[in-house]
Amino acid sequence: MLTADELEHRRTEIAESGDLQALLAELSRRAAPLITRMPPIPRIKALLSADGGVCPDDGTALAFDPWSPDSHRCPRCNREWQGERHHRHWAKLQHLWLAERAAHLAAVAVFAGDSAAAARASELLAEYGEHYLEYPNVDNVLGPARLFFSTYLESIWVLDYLAAAMLLRSAGLLDEAVVELVSGVADEAANLIADFDEGLSNRQTWHAAALLAIALWFEDEELAERAISGPSGLAAHLAQGFGADGMWYEGENYHLFALQGFLNGVAWARGAGVDLVAEAPLAERLHAALLAPCLTALPDFTFPARKDSRFGVSLAQPMYLELWELGRGALLESEEDASELGDWLHALYGAPSPAAQTFESYLHEAAEATPERTRASLSWRALVSMPPALGGSAGAWAPATTLLADQGLAVLREGGRYASLECGPYGGGHGHPDRLHLTLFARGVHWLPDFGTGSYVSRDLFWYRSTLAHNAPLVDGHSQEPGDAVCEMFDAGAEWSWVRGRYDRFARTLVSGPDYLIDLLEFDAAGDAQLALPWHLAGDVLVRTPGHWEPAALDNEFARGAERFVPDVAGPLVLDAVSTNARLTLHLDFTGDLLRAIAPGAPGAGPAPFWVQRATDGATTLVSVIDTGSAPAVRAIRTEGRVIEVERETGTDRHAPFTEGWTIDQPAKQTRLGGRQTKPIEFRPLLGARTVRTSGIAAIMHDSPALDGTLDAFDSAHPLMLDHDDQYRRSEDPYPGAEEFSATAWVNWDDAALYVAVEVTKPDLQIRPAGAPPLRLDNEPDDIHSDGVQVYVRLPGGGSAGVLVVPENGGALRAQRVAGTEPMGVRGGWTRTDNGYAVTLALEPDDWAPIAGESIGFDLIVNEMREGRQRRAGQLVWSGGGGWVWLRGDRQAATHFGVLVLQ
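Residues numbered from 1 in each chain as written. Predicted model: local features only at pLDDT ≥ 70, side-chain atom pairs only at ≥ 80, totals over all residues. Heavy atoms only, no water.

(A) Just the nonpolar core, in detail. Counting residues in each nonpolar core, the largest one holds 141 residues, and the members touching the most others are F111, W157, L162, W268, L286 and W324. Sort the elements by how many residues they give to this core and helix α3 (residues 84-112) lands first, with 16 residues. If we skip the residues at most four places from it in the chain, W157 touches H95, L96, A99, Y128, Y132, L147, F148 and V185. Listed in part, the 46 residues of the second largest apolar core include C423, L436, V499 and L584. (Core = buried A, V, L, I, M, F, W, Y, C linked by side-chain atoms within 4.5 Å. Buried < 20%, exposed > 50% of the residue type's maximum accessible area, 1.4 Å probe, protein only. Helix = DSSP H or I, 4+ residues; strand = E, 2+ residues; numbered from the N terminus. Contact = heavy atoms within 4.5 Å.)

(B) Seen up close, the side chain of D890. Tracing the backbone through its elements, the reader meets D890 in the loop between β38 (874-877) and β39 (898-902). Nearest to the buried, unbridged D890 among oppositely charged side chains is R891, at 4.9 Å. In this view, D890 contacts E780, P781, I784, Q790, Y792, V818 and A819; residues no more than four positions away in its chain are not counted. (Lys, Arg positive; Asp, Glu negative; His and termini not counted. Salt bridge = Lys/Arg side-chain N within 4 Å of Asp/Glu carboxyl O.)

(C) Local environment of the packing of aromatic side chains. Summed over all chains, the structure comprises 30 aromatic pairs. Pairing W67 with W97 gives two aromatic rings, centres 6.0 Å apart and planes at 75°, and the pair type is edge-to-face. Of this pair, W67 sits in the loop between α2 (18-36) and β1 (72-73) while W97 is found in helix α3, placing the two residues 30 residues apart along the sequence. One aromatic cluster is present, formed by Y128, Y132, W157 and Y161 through successive ring pairs. The ring centre of W217 lies 3.8 Å from the NZ or CZ of R169, which sits over that ring. The cationic tip of R672 hangs over the ring face of F658; the distance from NZ or CZ to the ring centre is 4.3 Å. (Phe/Tyr/Trp six-rings, centres within 6.5 Å; stacked < 30°, edge-to-face > 60°. Lys NZ or Arg CZ within 6 Å of the ring centre and 35° of its normal.)

(D) Representation of the state of the cysteines in the model. The final tally for this structure, using the stated rule, is 0 disulfides. Summary of cysteine pairing: C55 is not part of a disulfide, and the nearest cysteine sulfur, belonging to C74, is at 3.7 Å. By relative accessible area, C55 is classed as buried at 3%. Note on C487: no disulfide assigned, nearest cysteine sulfur contributed by C423 at a separation of 4.8 Å. A residue is classified by how much of its surface remains accessible, and C487, at 12% relative accessible area, is buried. (Disulfide = S-S within 2.5 Å.)

(E) Region of interest: the sheet that holds strand β7 (residues 445-448). Within the open sheet, the 5 strands sit side by side as β3-β4-β5-β6-β7. Their pairing is antiparallel. Sheet topology places β3 (402-404) and β7 at the edges, where each strand pairs with a single neighbour. Strand-to-strand twist across the sheet, computed as the mean angle between neighbouring axes with direction ignored, equals 15°. Note that strand β6 (residues 438-442) and β7 share 2 bridges and pair antiparallel. Bridging from a neighbouring strand, L440 pairs with L448 of β7. (Pairing = 2+ DSSP bridges. Axes fitted to C-alpha atoms, helices over the stretch in contact; angles between N-to-C directions.)

(F) Focus on the packing of helix α11 (residues 280-296) against helix α12 (residues 318-333). At their nearest, the axes of α11 and α12 sit 10 Å apart, and the two run at 155° to each other. In terms of orientation, α11 lies roughly antiparallel with respect to α12. For the pair α11 and α12, the crossing hand works out as left-handed. In this structure, α11 uses A283, L286, H287, L290, P293 and C294 to contact α12, whose residues at the interface are L323, W324, G327, R328, A330 and L331. (Parallel < 35°, antiparallel > 145°, perpendicular 65-115°, else oblique. Left-handed = near helix turned anticlockwise from the far one by under 90°.)

(G) Structural view of the pairing of strand β19 (residues 592-600). The sheet contact formed by strand β16 (residues 560-567) and β19 spans 3 bridges and is antiparallel. Its bridge partner being in β19, E563 is matched across the sheet by R596. In terms of strand pairing, β19 meets strand β20 (residues 607-615) through 9 bridges, oriented antiparallel. Pairing of I598 across the sheet is with P609, part of β20.

(H) Broad picture of the layout of surface pockets. In this structure, the second largest pocket encloses a volume near 570 Å³. Put simply, the parts of the chain that give the lining of the second largest pocket at least two residues each are α1 (4-16), α10 (252-271), α12 and α14 (380-385). (1 Å grid on protein atoms, 1.4 Å probe; cavity = no way out; pocket = protein on both sides within 12 Å on 5 of 7 lines; lining within 4 Å. Points joined across faces, edges and corners; volume = space filled by probe spheres on them.)

(I) Spatial organisation of empty space enclosed by the protein. Under the criterion given, the structure shown has 3 cavities of 30 Å³ or more. Taken as a whole, the largest cavity holds about 160 Å³ of empty space. Every residue lining the largest cavity is counted, 13 residues in all, and those nearest its centre are Q260, N264, E322, L326 and R381. Those elements that provide at least two residues to the lining of the largest cavity are α10, α12 and α14. Taken together, the residues of the lining of the largest cavity break down into 8 nonpolar, 3 polar and 2 charged. (Nonpolar A, V, L, I, M, F, W, Y, C, P; charged D, E, K, R; others polar.)

(J) Looking closely at the sheet that holds strand β11 (residues 506-512). Taken in spatial order, the 8 strands of this open sheet run β9-β10-β11-β12-β21-β18-β17-β14, and their pairing is antiparallel. Across the chains shown, the open sheet's two edge strands, defined by having one partner strand only, are β9 (486-492) and β14 (540-543). Here the average twist between neighbouring strands, direction ignored, is 15°. Summarising the sheet, strand β12 (residues 516-523) and strand β21 (residues 621-627) pair through 7 bridges and their orientation is antiparallel. Note that in β21 the partner of L521 across the bridge is L622.

(K) Up close: the packing of α10 against α12. Relative to each other, α10 and α12 sit at 45°, their axes nearing to 10 Å. Relative to α12, the element α10 is oriented oblique. The element α10 and its partner α12 pack so that their crossing is left-handed. Between α10 and α12, the residues in contact are L256, L259, Q260, L263, V266 and R270 and M319, Y320, L323, W324, G327, A330 and E333, respectively. A breakdown of the residues in the contact of α10 with α12 according to their chemical character gives 9 nonpolar, 2 polar and 2 charged.

(L) View of the pattern of salt bridges. Taken as a whole and assessed by the stated rule, the structure comprises 57 salt bridges. Measuring nitrogen to oxygen at the nearest pair gives 2.9 Å for the salt bridge that ties R146 to E188. Of this pair, R146 sits in the loop between α4 (115-131) and α5 (151-170) while E188 sits in helix α6 (residues 176-195); the two residues are 42 residues apart in sequence, bridging distant segments of the chain. For R146, a relative accessible area of 14% corresponds to the buried category. Take E188: its relative accessible area is 15%, and that puts it in the buried class. E732 serves as the salt-bridge partner of R869, at 2.9 Å between the closest nitrogen and oxygen. Highlighted residues: R869 in the loop between β37 (855-864) and β38 and E732 in the loop between β29 (728-730) and β30 (742-749), separated in sequence by 137 residues. Exposure remark for R869: the relative accessible area of 14% places this residue in the buried category. Overlapping salt bridges, with partners in common, bring together E100, R101, D160, E322 and R381 in one network.

So, in structure tokens, the structure goes:
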């Protein structure tokens, strides 16, 4: 990453900086065990599975020990576990740890003059160089990879691997034989990474940085230009992935990950003589990107677990400290003022040191005791690039109420209280159905959290990705449809601030004052729609209002033990929540029922109770007042029309909306809040919108079909063809051609059903047996890893129905409903053919009432499994589009369906 001259300059900076000297000494200490003995190198490809790396007894993630490849300890029950699944999970982190350690050793060798460190780093580079091509590029989850199951992990690994090689080569410490081995790794990695361009993606920042590192290794100007300035290069990600407010479109977790990848690219670009933030607009955007998660951080310095985030992660982790150190350095190089970031870093270093956590992109602390968080506790990257002095001022960091307009997140702060409302875009593939979600943190307690997401391979993923798992509104028990919310009003005054957001038929207003918050949820009811609002309250909760609980129904697979509160008196309900040294009182004024149930709590914490307001009798307004003071400030609340009265010891506050704002009338004064927002949401899809829909004809059927795999009674005049590259979603290998894999289908109909016949060309059938042991790979149905078909139907004005169908012995079919779709009856059979197999189906969607001449949504997918694989190799999709099979499962968006005309 540094030339010989730059290395010498950095040596001088280290010699003149007490912080850098202390960091070098600590890195040298940590390098000693690696020099004493060679760490184990996995000779196996990593595997993503549901049971690898977790305790079979309690589901806790097993501790990662880089010196223990075969025995893995559960930190909760302290038992040791063995087995291939655990070993292959360990291999993922071990590969990453070893590349990071190679760069660590190389930095110690270069800056401390340690020849033994140089020798060990070279040995690690050579070991991977000799064996890299032996790791198979198969059975991946998200992009081609050899060591891992996803390309982004390969990119993270390559960056550290090549950093070690570049440091040693620049210092004249790398033998030519090792240079050749490293070049072989870099060449193959370039092919893998360049083949999987993800467009605008948090992972693509790492891909672009890795390609840039490879370009520098080979001095390949064309590849460097692509990685920096191409459509999915680093500059494009800075300008488009991070909004004008600085926040990445997928929320804080992926913001920080994308920013980490981008800053890796900045360092490599400087090695190519390019300053990615030399131009003022780009430097300003990077400054905003570095500042955004500081502005939304909770008072305990964790980031809010919005969208697919890890829960309860401290921003004082060394990975994040290092991110701001390096980002601040990049801005100083570009002469951009970064004093706010210095103030922020002072605050982080002064916060209590959090326990070490494991991150794929930062394993510096693995096998280390958790140290005090100082500049000397950071990694080799900080030694290479961190500014010599911290800058900024202790005690100067003081975030205020703010609106991140592009992200649509309003944060209302009052003293140590933090309340936020989600009012923005859905958030892409990592978005949650949580529009108008309320987060609340006060007096050291995270009272109303967003739980983010636990494990992607655990069943409770579907709970955390539901509206009921958030403090957000829903209708008729169904999660919100994916969509954007808008922030209509936002204003911050001396004592009072407010925000109003709108999503679909909901409007939610949050008003924050010195002693309490008002939460007003309004719903534009239609017909018998039933409004509900969950409350995931922390602490021990008691309903202060007299009454009793009785059994109730709450239709959700994750919720159990539902009860309904029956009050003894009319009027608002009052709930008290008590946590250590803090309390919260919640006043609820609404017409309806208060339910409570048990569901998954915060990831890793076990089940927890939650509460739900469920409106009845056409009620469309829920009024809540939240009192978080050290002593109760609110005596009672009343709602009179549009006026909300809050009774306090000092008198009654009267709150009321008006056309362009909100008024607070208090005994001694009146406050008016306005702040209409006019900025439209700028939604950037990851894939371009489809402008042409695939279409076909479904002919009427006059006789009853045999449904035995033959075309008996089918009208075959209008075939649907699946036989070209644009219809193939690939994994590692491209489309094999129509002779190896293709399909022809026919669709007929009558008043009873929709009939589908599919003839598949695939000489080598790989059909998953009915009694096969569960794969336990992830949350996808096992039957997608088999030859078989998926069929989707959408009727005019109705929802989508989908089935996954796999052949069984004796001509029978095994069919299962696609999760999240409407029920649909399925009958049929199959038979082998000379060059594959044929399936015939009768599909009976609910409310099937066909009319000749009308159009229905339709799609057909044919899955491809190959011998020796764990995961399917690809699939043909009638509606087309090509692309990649990874992470598709049995899901097919209705917006992608083609159209069939009933003829």
